[in-house]
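# Structure at a glance
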Amino acid sequence: MAESKNSLIRQKIIDFSLEPYLPIFARDLDLGKAYAPKAGNLVNVVVGMRRSGKTYRLLQEIQMLLQQGVQKQDILYFNFEDERLRPFEQGLGNQVLEAFYELNPRAKTDGAYLFFDEVQEVPDWGIWLRRVVDTEKVTLYVTGSSAKILSADVATEFRGRSLTSELLPFGFREYVRYHEGALLEASPLEASPLEANALASPPASPLTSYQHLALKQQLKNYLLRGGFPAVQDEPDDRATGLLQLYAQQVVARDVIERHNLSNPQAVVAFAKQALAYNGRVLSLRKSEDRLRSLGLKTSRNSLSEALTYYEDAFLLASVLPLSRALADDPKVSAKVYAIDPGLACANASATSEDMGQLFECATYLELRRANLHRRGRFINSYKTKDNLEVDFIVGDALNQTGFQLYQACVSVQNEQSLARETRALRRAMDETGCQSATVLTLEDEAQTLRYSEGTIAVVPFYQYALGQ
């Protein structure tokens with residue numbers, strides 16, 4: 001049996017080729033310059049929800065290395081999620097590495113690039129990889145399902161010698177590039193990205209009238225379909241079914257199974273409620289009452305715990321009001337956002353589809369992409385002293401510095417909508433000392449509004465997203 005498994009490992013290494021995966025759609029997530037192999041290198045770790053494209057991001061990195069002249073014999077890609085390797089036994093990782101070095105002995109001395117997919121299947125993967133990093137001349141890339149290789153796990157295992165990058169489903173720019181790449185060709189927005197801090201003075205749009213209309217329509221499509229790669233070319237009903245299945249798998253495998261929860265029915269039902277509340281405040285008290293009315297035993301504490309697990313599994317995110325408190329106040333109700341607008345749409349009731357909520361979700365995710373390596377809770381909501389609400393305040397909540405203010409609004413063409421959105425921003429600017437703020441919109445054209453508190457830029461979402 002051991003000999004059979006060794007043969008399988010060798011054959012997997014020999015058989016690996018990029019050809020079956022081509023063409024590889026390039027993702028925007030930058031993993032930085034690949035370090036030359038050496039002992040003690042930083043480990044590149046890619047985390048994210050299932051089906052968001054982590055494997056293909058590794059393959060993209062391999063493709064770039066090959067294009068830069070790295071020899072195929074110096075690259076090891078191995079996906080441990082293979083039922084033929086079961087039962088996963090102690091020493092599996094060593095078997096893989098030893099087989100690779102036997103096939104490519106030069107890589108042992110000259111250095112190798114190692115790409116390990118679904119590494120959580122390896123028994124004691126953390127201990128093994130720490131030894132590899134400490135003693136082997138390698139550059140290491142790791143991905144895994146969020147069930148067993150969350151950011152906190154990685155930080156513990158690699159003890160400060162890793163850089164964790166979060167891969168979200170397609171953002172809007174990736175979505176347009178996938179479906180209508182010609183819209184971005186020779187676009188000044190793509191060639192000269194907008195700076196987030198310069199949005200108070202948006203330049204005259206270089207887009208043609210056709211591009212404006214096409215991008216607005218693509219944005220509406222994106223809000224409904226979302227950015228999971230595998231659903232992009234599916235008909236609507238199949239895409240919806242796949243997205244529902246994704247949510248079910250995450251809850252079953254990355255929440256209930258990972259944390260060995262004893263009340264799975266309540267956890268599943270609460271996840272559905274949370275996704276349905278996309279872009280709105282989720283009250284734990286009301287959620288508890290609803291679940292109890294369905295005959296499901298639960299408590300606010302267990303729901304708060306489940307919400308944390310959903311976030312750890314990248315199913316959704318909660319956005320709290322700005323606070324300097326180091327610990328979240330469990331009494332504060334947070335807004336929740338699905339990790340993808342299409343995921344929220346697919347898991348909402350037929351009567352609750354709300355373009356405004358989907359647009360706010362997309363705005364949150366775009367801000368999150370722009371701040372992937374910031375301190376936790378870098379994006380918050382803001383409530384002024386007289387209870388006016390600003391959707392997002394981006395900046396260091398602990399140090400209370402570097403704030404940027406954002407409202408997400410489908411349209412401010414209506415005078416009442418414009419007055420409501422700008423009134424909250426102006427009051428927040430006065431309280432925080434921000435000299436500028438931004439209203440991101442789905443329908444409107446760019447304009448600059450000047451007030452005594454500072455400047456407010458009204459910016460089409462597609463202009464902002466394409467400029468990141």
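Structure's up top.
## Section: the overall build of the protein chain
- Counting secondary structure elements, the protein chain contains 17 helices and 14 strands.
- Residues classed as buried in the protein chain amount to 52% of the 468 residues present.
- Put simply, 71% of the contacts in the protein chain that link residues at least 6 apart link residues at least 24 apart.

## Examining the pattern of salt bridges
- Going through the model one piece at a time under the given rule, you end up with 28 salt bridges.
- Between Glu443 and Lys220 there is a salt bridge, with its nearest N and O atoms 3.4 Å apart. Note that Glu443 is positioned in the loop between strand S12 (436-441) and strand S13 (447-451) and Lys220 in helix H9 (residues 209-225), a separation of 223 residues in sequence.
- A residue is classified by how much of its surface remains accessible, and Lys220, at 27% relative accessible area, is partly exposed.

## Regarding the sheet that holds strand S3 (residues 112-117)
- An order of S2-S3-S4-S1-S5 is seen for the five strands of this open sheet, with the pairing classed as parallel. Looking at strand neighbours, the two that pair on one side only are strand S2 (75-79) and strand S5 (162-166), the edges of this open sheet. Each strand axis lies, on average, 15° off the axis of its neighbour in the sheet, ignoring direction.
- In this structure, S2 lies alongside S3, joined through five bridges in parallel fashion. Each residue of the ladder has a partner; that of Ile75, found in S3, is Tyr113.

## Things to note about the environment of Ala424
- Topologically, Ala424 is positioned in helix H16 (residues 415-432).
- Along the primary structure Ala424 and Tyr382 are separated by 42 residues, whereas in three dimensions their C-alpha atoms are 9.4 Å apart.
- When sequence neighbours within four positions are dropped, the list of residues in contact with Ala424 reads Thr384, Leu388, Glu389, Val390 and Gln407.

## Considering the nonpolar core
- Residues Leu114, Phe116, Tyr310, Leu315 and Leu343 are the most contacted members of the largest nonpolar core, which totals 108 residues.
- By residue number, the principal contributor to this core is helix H10 (residues 236-259), which donates eight residues.
- Counting residues in each nonpolar core, the second largest holds 19 residues, with Leu322, Tyr382, Leu405 and Ala428 among its members.

## A closer look at the sheet that holds strand S8 (residues 334-338)
- Across the sheet, which stays open at both edges, the three strands sit in the order S6-S8-S7 with antiparallel pairing between neighbours. Edge positions in the sheet fall to strand S6 (280-282) and strand S7 (316-319), since each has one partner strand and no second. Taken over all neighbouring pairs, the strand axes of this sheet differ in orientation by 45° on average, direction set aside.
- Against the sheet, helix H11 (residues 264-276) contacts S6, S7 and S8, and its axis sits at roughly 155° relative to S6.

## Things to note about unusual backbone geometry
- Cis geometry is found at the peptide bond from Leu22 to Pro23, where omega equals -5°.
- At the junction of Arg86 and Pro87, the peptide bond is cis and its omega measures out at -5° in the coordinates.
- Within the element layout of this structure, Pro87 appears in the loop between S2 and helix H3 (92-103).
- Phi is positive for Phe314, which is not a glycine, with a value near 65°.
- A positive phi angle is found at Asn387, which is not glycine, with a value near 70°.
- The exposure class assigned to Asn387 is exposed, which follows from its relative accessible area of 55%.

## So, the pairing of S13
- Strand direction decides the pairing type here: S13 and strand S14 (residues 454-460), joined by five bridges, are antiparallel. Considered in S14, the bridge of Arg450 is made with Thr455.
- In sequence, S13 turns back onto S14 through a hairpin of two residues.

## Describing H3
- Helix length check: H3 (12 residues) gives 17 Å between terminal C-alpha atoms against 16 Å at 1.5 Å per residue, within 8%.
- Turning to H3, its buried residues number three or more, namely Leu92, Gly93, Val96, Leu97, Ala99, Phe100 and Tyr101.

## Brief notes about the packing of helix H7 (residues 172-180) against H9
- Interhelical geometry of H7 versus H9 gives an angle of 110° and a closest axis separation of 10 Å. Viewed along their axes, H7 and H9 adopt a mutual orientation that is roughly perpendicular. Residue-level inspection shows Phe172, Tyr175, Val176, His179 and Glu180 of H7 in contact with H9, the latter providing Leu215, Gln218, Leu219, Asn221, Tyr222 and Arg225.
- When the residues that make up the contact of H7 with H9 are grouped by side-chain class, the tally is six nonpolar, three polar and two charged.

## Looking at the packing of aromatic side chains
- Enumeration according to the criterion identifies 21 aromatic pairs in this entry.
- A centroid spacing of 4.8 Å and a plane angle of 55° characterise the contact between Phe78 and Phe80, whose relative ring orientation is tilted.
- For Phe80, a relative accessible area of 0% translates into the label buried.
- Centroid distance Phe115 to Tyr141: 4.7 Å. Interplanar angle 5°. Geometry classified as stacked. Taken together, the positions of Phe115 in strand S3 and Tyr141 in strand S4 (residues 138-143) put the pair 26 residues apart, joining distant regions of the chain.
- Tyr141 gets classed as buried once you look at its relative accessible area, which sits at 0%.

## Considering the environment of Ala370
- Mapped onto the fold, Ala370 is located in the loop between helix H15 (355-369) and strand S9 (379-383).
- The spatial distance from the C-alpha of Ala370 to the C-alpha of Ala465 is 9.7 Å, given a sequence separation of 95 residues.

## Let's talk about the packing of helix H12 (residues 284-293) against helix H13 (residues 300-312)
- One can describe the packing of H12 onto H13 by two numbers: an axis separation of 9 Å at closest approach and a directional angle of 110°. As summarised for this structure, H12 and H13 are arranged roughly perpendicular, according to the angle between their axes. Taking contact as the criterion, the partners of Leu284, Arg285, Ser287, Glu288 and Leu291 in H12 are, on H13, Arg300, Leu303 and Ser304.
- The class makeup of the residues in the contact of H12 with H13 is three nonpolar, two polar and three charged.

Rules behind the numbers
- Residues numbered from 1 in each chain as written.
- Predicted model: local features only at pLDDT ≥ 70, side-chain atom pairs only at ≥ 80, totals over all residues.
- Heavy atoms only, no water.
- Helix = DSSP H or I, 4+ residues; strand = E, 2+ residues; numbered from the N terminus.
- Buried < 20%, exposed > 50% of the residue type's maximum accessible area, 1.4 Å probe, protein only.
- Contact = heavy atoms within 4.5 Å.
- Salt bridge = Lys/Arg side-chain N within 4 Å of Asp/Glu carboxyl O.
- Pairing = 2+ DSSP bridges.
- Axes fitted to C-alpha atoms, helices over the stretch in contact; angles between N-to-C directions.
- Core = buried A, V, L, I, M, F, W, Y, C linked by side-chain atoms within 4.5 Å.
- Expected span 1.5 Å × (residues − 1).
- Parallel < 35°, antiparallel > 145°, perpendicular 65-115°, else oblique.
- Nonpolar A, V, L, I, M, F, W, Y, C, P; charged D, E, K, R; others polar.
- Phe/Tyr/Trp six-rings, centres within 6.5 Å; stacked < 30°, edge-to-face > 60°.

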